[in-house]
Amino acid sequence: QATPLAATHVIGLLRYCGFGARGDPLADPLPGDPPQSGWIAAIDEALDRDVKMDKVFRDHSQRSWFFARALAAAKGDALDNETLYAACLLHDAGLFHEDRTTCFALVGADLVRRTAAAAGVNPDQAKAAAVAVATHIDVRPRTQLAKYLRDGSLLDVIGTFAWDIDPAAIAE
C-alpha cells in the first residue's frame with residue numbers, strides 16, 4: 001500500500017533533520033553538476049583568499065543551490081543555473097567578513113559584483129545575483145532568484161519547504 005503524501009513528506013523531513021543518515025547533497029535527481037565557469041572560479045578563489053569560509057558554510061551553500069533548484073523544478077520555474085549557483089555560494093560570505101558594521105547580505109552582494117566584474121560576467125546576470133544575495137533575508141524577496149535562494153537556504157537549515165519537493169531529494 002502506498003504511503004500517504006503527507007506521511008512521505010514528514011518521513012523525508014525527519015530524515016533530513018537527522019533521523020537517518022544524510023546522503024550526498026549533490027547526488028541529486030536533477031540533471032547537471034554545479035556549473036563551472038570563470039565566474040565560479042573567481043568566486044572559489046575569493047572564498048579561499050578573502051572570505052576563508054569554512055566547510056560547514058560551503059556545504060550549506062551547495063545544498064542551498066541543490067534545494068533551490070529542486071524547489072524551482074517542483075514549481076515549474078526556470079532559473080539560470082550559473083547565476084543561482086553564484087548567489088548560493090556567496091549568500092553567507094558576508095558572515096566571514098571583518099566588517100561587522102554592514103549587513104552580511106550586503107557584503108555578500110558586493111562580493112558578487114566584484115567577482116562578476118573580475119570574470120567579465122554579463123552585467124544583468126551579475127545584478128540579478130547581487131540583488132538575490134542582498135535581499136534573500138527579506139520577508140518578501142524582491143526577485144524569483146532571491147526567493148529560491150532564501151527557500152533553498154531555509155530548507156537546508158530548518159527544513160522549511162521540504163514538503164514541496166520529492167522526498168527522495170532529501171532522503172539518503
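For clarity, every value in this text was computed on a predicted model and none was experimentally measured. Sequence order as written defines residue numbering, which begins from 1 separately in each chain. Reporting of local features is limited, given that this is a predicted model, to residues whose pLDDT is at least 70; pairs of side-chain atoms are given and counted only at 80 or more, and all residues count toward the totals for whole chains, interfaces and linings. Computation of side-chain values: all heavy atoms of the structure, hydrogens and water removed.

### Details of the packing of aromatic side chains
The aromatic pairing rule takes the rings of Phe, Tyr and Trp, using the six-membered ring of Trp, and pairs them if the centres are within 6.5 Å, calling planes under 30 degrees apart stacked, those over 60 edge-to-face and the rest tilted. Tallied over the full model, the rule gives three aromatic pairs. Each ring, one from phenylalanine 57 and one from phenylalanine 96, has its centre 5.0 Å from the other, and the planes form 85°; the classification is edge-to-face. Of the two residues, phenylalanine 57 is situated in helix 3 (residues 55-75) and phenylalanine 96 in the loop between helix 4 (81-90) and helix 5 (104-119); the sequence distance between them amounts to 39 residues. Overall, the relative accessible area of 22% leaves phenylalanine 96 in the partly exposed class. Here, over-ring charges are defined by two tests on the NZ atom of lysine or the CZ atom of arginine: distance to the ring centre within 6 Å, and angle to the ring normal within 35 degrees. Looking at lysine 147, its charged tip hangs above the ring of tyrosine 148, at a distance of 4.7 Å from the centre. Note on conventions: DSSP H or I runs of at least 4 residues are helices, E runs of at least 2 residues are strands, and numbering of each starts at the N terminus. A simple rule labels every residue: compare its accessible area, found with a 1.4 Å probe on the protein chains alone, to the largest value its type can have, and call it buried under 20%, exposed over 50%, or partly exposed in between.

### Considerations on the pattern of salt bridges
Put simply, a salt bridge is a Lys or Arg side-chain nitrogen that is within 4 Å of an Asp or Glu carboxyl oxygen. Scanning the model with the defined rule gives nine salt bridges in all. Across the pair glutamate 45 and arginine 49 runs a salt bridge whose closest N-O atoms are separated by 2.7 Å. One end of the pair, glutamate 45, and the other, arginine 49, are both in helix 2 (residues 38-51), four residues apart, so they sit about a helical turn from each other. Take arginine 49: its relative accessible area is 44%, and that puts it in the partly exposed class.

### Quick word on the confidence of the model for the protein chain
Looking at the protein chain, pLDDT values average 81 and 77% of them are 70 or higher. Each residue carries a pLDDT value, the predictor's own confidence for that position, ranging from 0 to 100. Throughout, a contact is declared for two residues whenever any of their heavy atoms are within 4.5 Å. Every residue in residues 1-8 scores below 50 in pLDDT, and together they form three contacts with partners more than four places removed in sequence or on other chains. In the predicted structure, residues 18-29 sits below a pLDDT of 50 and forms 17 contacts with residues beyond four places in sequence or in another chain.

### Overview of the packing of helix 5 against helix 6 (residues 123-135)
Between helix 5 and helix 6, the least distance of the axes is 7 Å, while the angle of their chain directions is 165°. With respect to their mutual orientation, helix 5 and helix 6 come out roughly antiparallel. The element helix 5 and its partner helix 6 pack so that their crossing is right-handed. Mapping the contact onto sequence places Ala105, Leu106, Gly108, Ala109, Val112, Arg113 and Ala116 in helix 5 and Ala126, Ala129, Ala130, Val133 and Ala134 in helix 6. Class assignment of the residues belonging to the contact of helix 5 with helix 6 gives a composition of 10 nonpolar, one polar and one charged. Angles run from 0 to 180 degrees between N-to-C directions of axes, and those axes are lines fitted to C-alpha atoms, restricted for helices to the stretch in contact. For classification, angles of less than 35 degrees are called roughly parallel, those exceeding 145 degrees roughly antiparallel, those between 65 and 115 degrees roughly perpendicular, and all remaining angles oblique. Left-handed describes a crossing whose near helix is turned anticlockwise from the far helix by less than a right angle; the clockwise case is right-handed. Residues were grouped as follows: Ala, Val, Leu, Ile, Met, Phe, Trp, Tyr, Cys and Pro as nonpolar; Asp, Glu, Lys and Arg as charged; and all remaining residues, including Gly, as polar.

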